[in-house]
Amino acid sequence: MNRPITSLLGLSLTATLLAACAGGSADDDGTTDGGGGGAASDEEVTSLTFWSNHPGSSKEVEEQLIAAYEEETGISINLVTAGANYEEVANRFNAAQAGSDVPDIVIASDVTWFPMMLNDAIAPLDDLWEAQGSDTDSYVDALREDYLYDDQHFAVPYARSTPLFYYNKEMWQAAGLPDRGPETWDEFAEWADDLREANSEMPALVLPDGSNYLDWHFQGMIWTFDGAYSHEWDTEAMTSEGSIAAGEFLQGQVESGNFVIATDPNSDFAAGQAAALLQSTGSLGGLTEAATFEFGTAFLPGPQPGVTTGGAGLAVSSKISEARKAAAVDFLDWYTSTPNTVTFSQSTGYVPVRKDAVDTDEVQAYLEENPNFRTAVEQLPNTQSQDYARVFVPGGGARIGAALDRITTGGEDVTEVFTQLAEDTQQVVERDVEPELR
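Residues numbered from 1 in each chain as written. Predicted model: local features only at pLDDT ≥ 70, side-chain atom pairs only at ≥ 80, totals over all residues. Heavy atoms only, no water.

(A) Here's a closer look at the overall build of the chain. Summing up its helical and strand segments, the chain has 19 helices and 14 strands in all. Sorting the 438 residues of the chain into buried and exposed places 58% on the buried side. A separation of at least 24 residues holds for 75% of the contacts in the chain among residues at least 6 apart in sequence. Here the chain has roughly 17100 Å² of accessible surface; of this, 46% comes from carbon and sulfur atoms. (Helix = DSSP H or I, 4+ residues; strand = E, 2+ residues; numbered from the N terminus. Buried < 20%, exposed > 50% of the residue type's maximum accessible area, 1.4 Å probe, protein only. Contact = heavy atoms within 4.5 Å. Areas by Shrake-Rupley, 256 points an atom, 1.4 Å probe, with all protein chains shown as cover.)

(B) Region of interest: unusual backbone geometry. In the segment running from Gly302 into Pro303, the intervening peptide bond is cis, with an omega of 5°. Checked against the element boundaries, Pro303 lands in the loop between β11 (295-298) and β12 (307-308). Notably, Asp151 is not glycine yet its phi reads approximately 65°, a positive angle. Inspection of the secondary structure assignment puts Asp151 in the loop between β4 (148-149) and β5 (152-153).

(C) Structural detail: helix α10 (residues 241-256). With 16 residues, α10 extends 22 Å between its outermost C-alpha atoms, agreeing within 8% with the 22 Å of an ideal straight helix rising 1.5 Å per residue. When α10 is considered as a whole, its buried residues turn out to be Gly242, Ser243, Ile244, Ala246, Gly247, Phe249, Leu250, Gln251, Gln253 and Val254. (Expected span 1.5 Å × (residues − 1).)

(D) Geometry of the pattern of salt bridges. Counted under the stated rule, the structure contains 17 salt bridges. The closest approach of N and O atoms between Arg196 and Glu201, which form a salt bridge, is 3.2 Å. Judged by relative accessible area, which is 47%, Glu201 ranks as partly exposed. Measuring nitrogen to oxygen at the nearest pair gives 3.1 Å for the salt bridge that ties Glu368 to Arg374. Given a relative accessible area of 22%, Arg374 falls into the partly exposed group. If you follow the salt bridges from partner to partner, you end up with Asp141, Arg144, Glu145 and Lys355 in one network. (Salt bridge = Lys/Arg side-chain N within 4 Å of Asp/Glu carboxyl O.)

(E) Spatial organisation of the nonpolar core. In terms of nonpolar packing, the biggest core is built from 89 residues, with Phe50, Trp113, Leu314, Phe331 and Tyr335 touching the most fellow members. Here this core gets eight residues from one element, more than from any other, and that element is helix α13 (residues 322-335). Mapped onto the domain boundaries, this core takes at least three residues apiece from domain 1 (47-160 + 310-384) and domain 2 (163-308 + 387-433). Residues Tyr167, Phe188, Ile244 and Ala276 belong to the second largest nonpolar core, which totals 46 residues. (Core = buried A, V, L, I, M, F, W, Y, C linked by side-chain atoms within 4.5 Å. Domains from an automatic or database assignment.)

(F) Inspection of the packing of aromatic side chains at higher detail. All chains considered together, the criterion is met by 35 aromatic pairs. Consider the rings of Phe50 and Tyr335, whose centres lie 5.8 Å apart with planes at 85°: the pair is edge-to-face. Residue Phe50 is located in strand β1 (residues 47-52), and its partner Tyr335 is located in helix α13; the two are separated by 285 residues in the primary sequence. With a relative accessible area of 0%, Phe50 lands in the buried category. Note on Tyr335: relative accessible area 2%, which makes it buried. (Phe/Tyr/Trp six-rings, centres within 6.5 Å; stacked < 30°, edge-to-face > 60°.)

(G) Representation of helix α15 (residues 361-369). Where α15 is concerned, the buried positions are Val363, Tyr366 and Leu367. All buried residues of α15 fall inside an arc of 100° around its axis, so they share one side. The outward face of α15, more than 90 degrees from its buried face, is lined by the exposed residues Asp361, Glu368 and Glu369. Contact partners of the buried residues in α15: α14 (338-348) and α16 (371-378). (Arc of directions from axis to C-beta.)

Structure representation (structure tokens):
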């Protein structure tokens, strides 16, 4: 998709992010590496710095892949834990723009890459891809194009996911339910009473709270009620009949005890404290290890499309030298290659980002042995691009998440909260977006 904006300055966003925290490419021992622009084009690059939050508990597999790259090329990769989540990494990265000590490679989520691009903090990749002979056509098209803006790509797909519906098969069986996920949210609401009655009044579903991406999961739900966060830049969709109905459905299920909002829903589900869970495909590996019972995965309830993609890509800093940019692109080509995306996917649950990865004998055998992972791959055709109000409006995801906390754990009136949310979001659009569109 070509982003329909020609330029955005986003000065207020820049100020907010720069004030969030100070940072640099310091490793855990306080040393620094990478960064610094202005080097000659024939500079010999012997090391690169990679900032990550290790999505899906992936630090071990990241280190495994990096060790293989270092052995093959002789180039060392300084893997830095730059934050506990995507937002912390983005805040630290944007704060680092005030100086010259920036990483060469940074993880960038579906929400954080666009502000990074607005701040001119990450480099456009197309010319670099051409110069380095990168095989970008082999990326899954929909995942690659999520980073397209004004005919330029600003990241490569990496830890990509969709939300999944996880369900405890033992609790399902106790309630006499078919071994599948619900086809619609209304059907699941009908199942909830049976699930609770058969399982000691455990909640039917546990979801993350607004500070842990409830806004991402709810986006699919709001679509199934014929609502939306926005229609492109128009935020009136938040107060539409369908959007209000979705919010009231969520609130009603929480008030009845069928749904529970939790700060650590994965642990609750893995401990058998809920019959079902909404969570990223990237949680599949960890849940498989942690759960002591058999669970299944299913598409999010429809009618479809009732699910979006998410997760993160990898971007290259714009402030580093051209030689370092070229070396970073070479590393990303290797790091996200078919065999490596297979390794990463099987270790975490994120979907493979290369088209031919699914057709490999290794992945086909893995899908046969791990049907829960097959769900993540097969759900991709049901996805829809995210609403602008969440991913392109500065602070959109956090703003929506806070509103959802107000109607769930806070119990506030849905219409009032969504009306205020729409007004607040529209003010940001008018202040930071519309002047540049004009």
